[in-house]
Amino acid sequence: MVSKIKKKILSIDGGGIRGIIPAIILDYIEKKTEQRISSMFDLIAGTSTGGILALGLTKRNSDSKINSEPEYTAAELRNFYSKYGQKIFSDEPDHTESNDTGIYQKYGQLLLGDHNPLDTLLGPKFSSKGRHDVLQIILGDALLEDALKETLVTSYDTELRAPVFFTSNPYKEQAEGVDARKICAGIKMIEAAMATSAAPTFFPPYKLTTAHRTDEGHYTLVDGGVLANNPSLIAIMEVLAASIKLDKEKAPENKENLQHDNILLVSLGTGSFTRKYKYNNVRKWGQLQWVNPIIDIVLDSQSESVAYQIQSVMQTEGDHQNYYRFQFPLSGEDGRDQMDNASFDNIEYLENLGKKIVEQRKYSLDKLCEMLTS
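For the structure given in this document, a descriptive report is provided here. A quick note: this is a predicted structure, and the numbers were derived from the prediction, not measured.

## Concerning the overall build of the chain
Move 1: Looking only at helices and strands, one finds 14 helices and nine strands in the chain.
Move 2: Taking all 374 residues of the chain together, 51% fall into the buried category.

## Some words on unusual backbone geometry
Move 1: Positioned with a positive phi, Glu 34 is a non-glycine residue whose angle comes to about 60°.
Move 2: Structurally, Glu 34 is set in the loop between helix H1 (20–33) and helix H2 (37–40).
Move 3: On the basis of relative accessibility, which here comes to 74%, the residue Glu 34 falls in the exposed class.
Move 4: Residues other than glycine seldom take positive phi values, yet Arg 161 does so here, at roughly 55°.
Move 5: Topologically, Arg 161 is positioned in the loop between strand S3 (150–157) and strand S4 (162–167).
Move 6: Residue classification places Arg 161 among the exposed positions, given a relative accessible area of 62%.

## Focus: a nonpolar patch on the surface
Move 1: Together, Ile 294, Ile 297 and Val 298 make up an exposed nonpolar region whose accessible area comes to about 210 Å².
Move 2: Within the fold, Ile 297 resides in helix H12 (residues 287–311).

## Let's talk about the environment of Ile 25
Move 1: Looking at the secondary structure, you find Ile 25 in helix H1.
Move 2: Residue classification places Ile 25 among the buried positions, given a relative accessible area of 0%.
Move 3: On a C-alpha basis, the gap between Ile 25 and Ala 75 in space is 9.6 Å, while along the polypeptide they are 50 residues apart.
Move 4: In this structure, Ile 25 is in contact with Leu 268, Phe 326, Ile 357, Val 358 and Leu 365, ignoring residues within four places of it in sequence.

## As for the packing of aromatic side chains
Centre distance and the angle of the planes are the two values used to describe a pair of aromatic rings.
Move 1: Going through the model one piece at a time under the given rule, you end up with eight aromatic pairs.
Move 2: Centre to centre, the rings of Tyr 72 and Phe 80 are 5.3 Å apart; their planes meet at 85°, and the pair counts as edge-to-face. Residue Tyr 72 shares its accessibility class with Phe 80, and that shared class is buried.
Move 3: Ring geometry for Phe 126 against Phe 203: centres 5.8 Å apart, planes inclined by 40°, an arrangement best described as tilted. Separated by 77 residues along the polypeptide, Phe 126 in the loop between helix H6 (119–122) and helix H7 (129–139) and Phe 203 in the loop between helix H8 (189–196) and strand S6 (206–209) bring together distant segments of the chain.
Move 4: Phe 126 sits in the buried class, given a relative accessible area of 9%.
Move 5: Taking the relative accessible area as the measure of exposure, Phe 203 reaches 4% and is therefore buried.
Move 6: The ring of Phe 203 is capped by Arg 131, whose NZ or CZ atom sits 4.2 Å from the centre of that ring.

## Side note on H7
Move 1: Among the residues of H7, Gly 130, Arg 131, Val 134, Leu 135, Ile 138 and Leu 139 are the ones counted as buried. Projection of H7 onto a plane perpendicular to its axis shows the buried side chains occupying an angular sector of 140°, all on one side.
Move 2: Among the structural elements, helix H3 (49–58), helix H4 (74–88) and H8 are those in contact with the buried residues of H7.
Move 3: Directly after H7, the chain includes Gly 140, whose backbone phi takes a positive value near 55°.

## Let's talk about the environment of Ser 127
Move 1: Mapped onto the elements, Ser 127 comes out in the loop between H6 and H7.
Move 2: Here Ser 127 falls in the buried class, since its relative accessible area comes to 8%.
Move 3: Between the alpha carbons of Ser 127 and Ser 90 there is a distance of 7.1 Å; along the sequence they are 37 residues apart.
Move 4: Separated by 3.3 Å, the side chain of Ser 127 and the backbone nitrogen of Lys 129 make a polar contact.

## Some words on the pattern of salt bridges
Move 1: Tallied over the full model, the rule gives 13 salt bridges.
Move 2: A salt bridge links Lys 125 to Asp 340, with the nearest nitrogen and oxygen atoms 2.6 Å apart. A residue pair is termed long-range when its members are at least 10 positions apart, and Lys 125 in the loop between H6 and H7 and Asp 340 in the loop between strand S9 (323–326) and helix H13 (344–360) qualify at 215 residues.
Move 3: Here Lys 125 falls in the partly exposed class, since its relative accessible area comes to 37%.
Move 4: For Asp 340, a relative accessible area of 11% gives the class buried.
Move 5: Taking the shortest distance from any N to any O, the salt bridge between Asp 141 and Lys 188 comes out at 3.5 Å. Highlighted residues: Asp 141 in the loop between H7 and S3 and Lys 188 in the loop between strand S5 (181–183) and H8, separated in sequence by 47 residues.
Move 6: With a relative accessible area of 53%, Asp 141 lands in the exposed category.
Move 7: One salt-bridge network, in which partners are shared between bridges, spans Asp 13, Glu 304 and Arg 325.

## Remarks on the nonpolar core
Move 1: Core analysis: the largest hydrophobic core is formed by 72 residues, its most contacted members being Leu 10, Ile 29, Ile 37 and Phe 166.
Move 2: Sort the elements by how many residues they give to this core and H1 lands first, with eight residues.
Move 3: If we skip the residues at most four places from it in the chain, Ile 29 touches Ile 37, Met 40, Leu 365, Leu 368, Cys 369 and Leu 372.
Move 4: Leu 152, Leu 240, Leu 258 and Leu 265 belong to the second largest nonpolar core, which has 17 residues in total.

What counts as what
- Residues numbered from 1 in each chain as written.
- Predicted model: local features only at pLDDT ≥ 70, side-chain atom pairs only at ≥ 80, totals over all residues.
- Heavy atoms only, no water.
- Helix = DSSP H or I, 4+ residues; strand = E, 2+ residues; numbered from the N terminus.
- Buried < 20%, exposed > 50% of the residue type's maximum accessible area, 1.4 Å probe, protein only.
- Patch = residues over 30% accessible without salt bridge, like charges linked within 9 Å, V, L, I, M, F, W, Y side chains within 5 Å.
- Areas by Shrake-Rupley, 256 points an atom, 1.4 Å probe, with all protein chains shown as cover.
- Salt bridge = Lys/Arg side-chain N within 4 Å of Asp/Glu carboxyl O.
- Contact = heavy atoms within 4.5 Å.
- Phe/Tyr/Trp six-rings, centres within 6.5 Å; stacked < 30°, edge-to-face > 60°.
- Lys NZ or Arg CZ within 6 Å of the ring centre and 35° of its normal.
- Arc of directions from axis to C-beta.
- Polar contact = N/O pair within 3.5 Å; in protein donor to acceptor, adjacent residues only side chain to side chain.
- Core = buried A, V, L, I, M, F, W, Y, C linked by side-chain atoms within 4.5 Å.

Here is the structure:
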């Protein structure tokens, strides 16, 4: 029997346009409970598109007289994918980015023209402009530290070769000299969103100026999926570590003694891959053939391995269930599982898939909603 729930965590996987799926689940939870997501959780963690959702769910509504009201409902965030998906994954030129594309791209453009097939092999598939423009619309100049609830967003610095975590809790910001950095003060939500969603091969890394001691005076940040596409474990450790620190500062009779069975974890996937890579094909592949498949394989395997690890230690059934994982297999046909497939047909497919999860997991969702409001 689990102990009384003391902390409630929401974790949202990365997955590009497939963020529609968790957004639909969150929309159901909000409508069922008649409460906003930020009011029901103590910590909301996200990676990549999940990080963008986490930030959107906790952004304060600056126009509201109610200080605790978020800017967006889950339904509004869900609609952003269909409204802005194609703009995010567009090749609009970004004149703020470096024009130093390398000798192969330069000569390739001279030989092959503007629609050079070498571009996606020798440079990012998309510029950052469309993504930045959309995130500016959604997040504006809101500060991370002003989030309604504690928010944790993952990223990775390719120069420091260390994780970088964006946290809305200034008391968790770490000092220099540690391998995994946490940053908060003065950081805008849009900066965290750009960093966590800078998927390698799809987008350029995100450059963020920092006062921390780095060789160049800035972070070079890529998608948090390279370290935690499913940030559930990081979120749990964040809560447990904070509890241990608080316990050391409290008198023995006031200690919380938080354990994993005091935690309610809701983990939302963006669809698991079913595309098969058969031996007779992959055994002949070289570096170019492996580029896109290996990214999908690493992100998917990381998400599923974390889900497996958590399932082995959390209560997953019965009256005292404290771990809910909502995930569903994707179709690999016609690029349905690709994170940048923002076509109208694929958005419709993803919306139907999200609805199917809600229909098939309605009992679990309703049970979860009772726990969240109790």
